[in-house]
Amino acid sequence: MGVFVIKMPDVGEGVAEAELVEWHVKVGDPVKEDMVLAAVMTDKATVEIPSPTDGTVAWLGGEIGEQIAVGAPLIRLDVAGDGNVRDGTDAEPPAKEPTAQAPSEARAAINPATAAQKPAPATSEDDDEAGGPTQPVEKPEPPRRTLPAHARKEGEKPLAAPSVRLKARERGIDLRFVPGTGPAGRITHEDLDAFAEQGARPIAPAGKAPDHRVTEFKVVGLRRRIAQKMALSKSRIAHITYVDEIEMDALEQLRASLNASRRDDRPKLTLLPFLMLAMVKALKEQPNINAHYDDEAGVVRQFGGIHCGIAAQTKNGLVVPVVRHAEALDLWGAAAEIVRLAEAARNGTATREELTGSTITITSLGALGGIATTPVINHPEVAIVGVNKMQVRPMWDGTQFVPKKMMNLSSSFDHRVIDGWDAAVFVQRVKALLETPASIFIEG
């Protein structure tokens, strides 16, 4: 009988550590060669760790959400034969007591867009200190204050000044249950303070029990990456957001006409490929917006190639697949690539290369896009274009109001390197192209 130690492999160029996002085994489980043991995430790519040999799991080297260094012991197996530990040094696990992890409820393949996040139940302080298993804990419900004998009759409106009512709302106190000592039972500030000091709490309407449960979720995997990325962008980028409305009637007529006559092997056209090609044309005139800003080095890197990220919402969170070299695509090629990448993102089959390297990003919530948004720039990019919902609005044509299909673009720019004037010129150029869509396809 021997010991076989599996170490964290090198999961990517320049990667020093990876986050453990899922165990597929627990201590005591028998494993076979090539069986998936764990999944780790680096950046936005998730990598499965297979077993190189048969054996039995003797030790697991981390908990979900931990960062494991490349080369550090990850799993120890008891195997038939000598194993791969000769002098016993590698067989010793870290001083931390190992914790067996429950296997995933779903054995679905882990991939770049699926860092599945299991909600962790609320835990008590005693369990945390003892290192014992976590159990759901419900906080004891505070004692319910019995109604005073002189409580108001059902439906009777309490008398109180507006300032008293405001204070009650801020404290979450139902004035119907506060005894008033003022004239005609009027509730004073002193009455409200006295009631609050007695441990008063909001009273639920008849037939509805208040819910005092608190559930904690550990933020791991893709959700942690999103949180880190958003915090980085908001803390380091000076955002300026420019919103303008676009008349969409001409583009919608062109889109409908092209869809009606498209070949079976071509995807149905949406707004996005038109917008992407309009952005390509505008960026050729303003290459400073197709750039990254390395604020630590104080360097702006402008790119000749336009790699357009398309922010996509998946069941596991936000990912940004990248349409590479959008400047080399025609309308149908752009549409096909957007469809392909969106499908890969939803299915979790997008590769690391398909999820990184964007130079500018489009974000769209479709019909949920709202009237205006303030999109967060995808650091280290310097611009993001947000698509809002399309709707028919009455627009003045100089003599009368006429119905028009209108849509807002909400675009954010890094104000450290992009001036407001340049941002406005870019959006106005995109607006002009979309309002006269034939001009998108005219060379020059």
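The preceding data block contains the structure.
Residues numbered from 1 in each chain as written. Predicted model: local features only at pLDDT ≥ 70, side-chain atom pairs only at ≥ 80, totals over all residues. Heavy atoms only, no water.

Caption draft 1: Highlighting the environment of V79. Checked against the element boundaries, V79 lands in strand β8 (residues 73–79). Taking the C-alpha atoms as reference points, V79 and A58, separated by 21 residues in sequence, lie 9.7 Å from one another. Once residues lying within four places of it in the same chain are set aside, the contact partners of V79 are M1, G2, V3, F4, T53, D54 and G55. (Helix = DSSP H or I, 4+ residues; strand = E, 2+ residues; numbered from the N terminus. Contact = heavy atoms within 4.5 Å.)

Caption draft 2: Region of the structure containing the sheet that holds strand β3 (residues 30–31). If you walk across this open sheet you meet the four strands as β1-β8-β6-β3, and the pairing is antiparallel. Taken across any chain shown, the strands that pair with only one partner, and hence form the sheet edges, are β1 (2–7) and β3. Where β3 lies against strand β6 (residues 55–60), two bridges are found, and the strand directions are antiparallel. Note on β6: the bridge partner recorded for P30 is T56. (Pairing = 2+ DSSP bridges.)

Caption draft 3: Summary view of the packing of helix α6 (residues 271–285) against helix α8 (residues 420–435). It is the contact of α6 with α8, at a shortest axis distance of 9 Å, that shows an interaxial angle of 135°. Accordingly, the angle class assigned to the pair α6 and α8 is oblique. Two packed elements cross with a definite hand, and for α6 against α8 that hand is right-handed. Across the interface between the two elements, F274, L275, A278, M279, K281, A282, L283 and E285 of α6 pack against F426, R429, V430, L433 and L434 of α8. By residue class, the composition of the contact of α6 with α8 is ten nonpolar, no polar and three charged. (Axes fitted to C-alpha atoms, helices over the stretch in contact; angles between N-to-C directions. Parallel < 35°, antiparallel > 145°, perpendicular 65-115°, else oblique. Left-handed = near helix turned anticlockwise from the far one by under 90°. Nonpolar A, V, L, I, M, F, W, Y, C, P; charged D, E, K, R; others polar.)

Caption draft 4: Expanded view of the sheet that holds strand β4 (residues 36–42). Across the sheet, four strands lie side by side as β5-β4-β2-β7; this open sheet has antiparallel pairing. Only two strands of the sheet have a single partner each, and these edge strands are β5 (45–50) and β7 (67–69). Recorded for the sheet is a direction-independent mean angle of 40° between the axes of neighbouring strands.

Caption draft 5: Summary view of the packing of aromatic side chains. If you walk through the whole model with that rule in mind, you get three aromatic pairs. Measuring from centroid to centroid gives 6.5 Å for F274 and F441, while their planes differ by 80°, and the two rings are edge-to-face. With F274 in helix α6 and F441 in the segment after α8, this pair connects stretches of sequence that are 167 residues apart. Accessibility expressed as a relative area gives 0% for F274, which makes it buried. Relative to F426, the ring of F413 lies with its centre 6.1 Å away and its plane at 85°, an arrangement referred to as edge-to-face. Taken together, the residues span a long stretch of sequence, with F413 in strand β17 (residues 401–414) and F426 in helix α8 at a distance of 13 residues. There is no split in this pair, since F413 and F426 are both buried. (Phe/Tyr/Trp six-rings, centres within 6.5 Å; stacked < 30°, edge-to-face > 60°. Buried < 20%, exposed > 50% of the residue type's maximum accessible area, 1.4 Å probe, protein only.)

Caption draft 6: Inspection of helix α5 (residues 249–260) at higher detail. Taking 1.5 Å of rise per residue, twelve residues should cover 16 Å, and α5 covers 17 Å from first to last C-alpha, within 8% of that figure. Here α5 has its buried residues at D249, L251, E252, R255 and N259. Buried residues of α5 fall within an arc of 160° about the axis and therefore sit on the same side. Summarising the geometry of α5, the exposed residues directed more than 90 degrees from the buried face are Q253 and A260. (Expected span 1.5 Å × (residues − 1). Arc of directions from axis to C-beta.)

Caption draft 7: Broad picture of the pattern of salt bridges. On inspection of all chains with the given rule, the structure shows 20 salt bridges. Of the charged contacts, one joins R346 and E343 as a salt bridge, the two residues approaching to 2.9 Å between their closest N and O atoms. Of the two residues, R346 and E343 are both situated in helix α7 (residues 331–347); the distance of three residues between them amounts to about one turn of the helix. Of the residues examined, E343 reaches a relative accessible area of 37% and is grouped as partly exposed. A cluster of three or more residues bridged by salt bridges with shared partners is formed by R236, D295, E296, D414 and R416. (Salt bridge = Lys/Arg side-chain N within 4 Å of Asp/Glu carboxyl O.)

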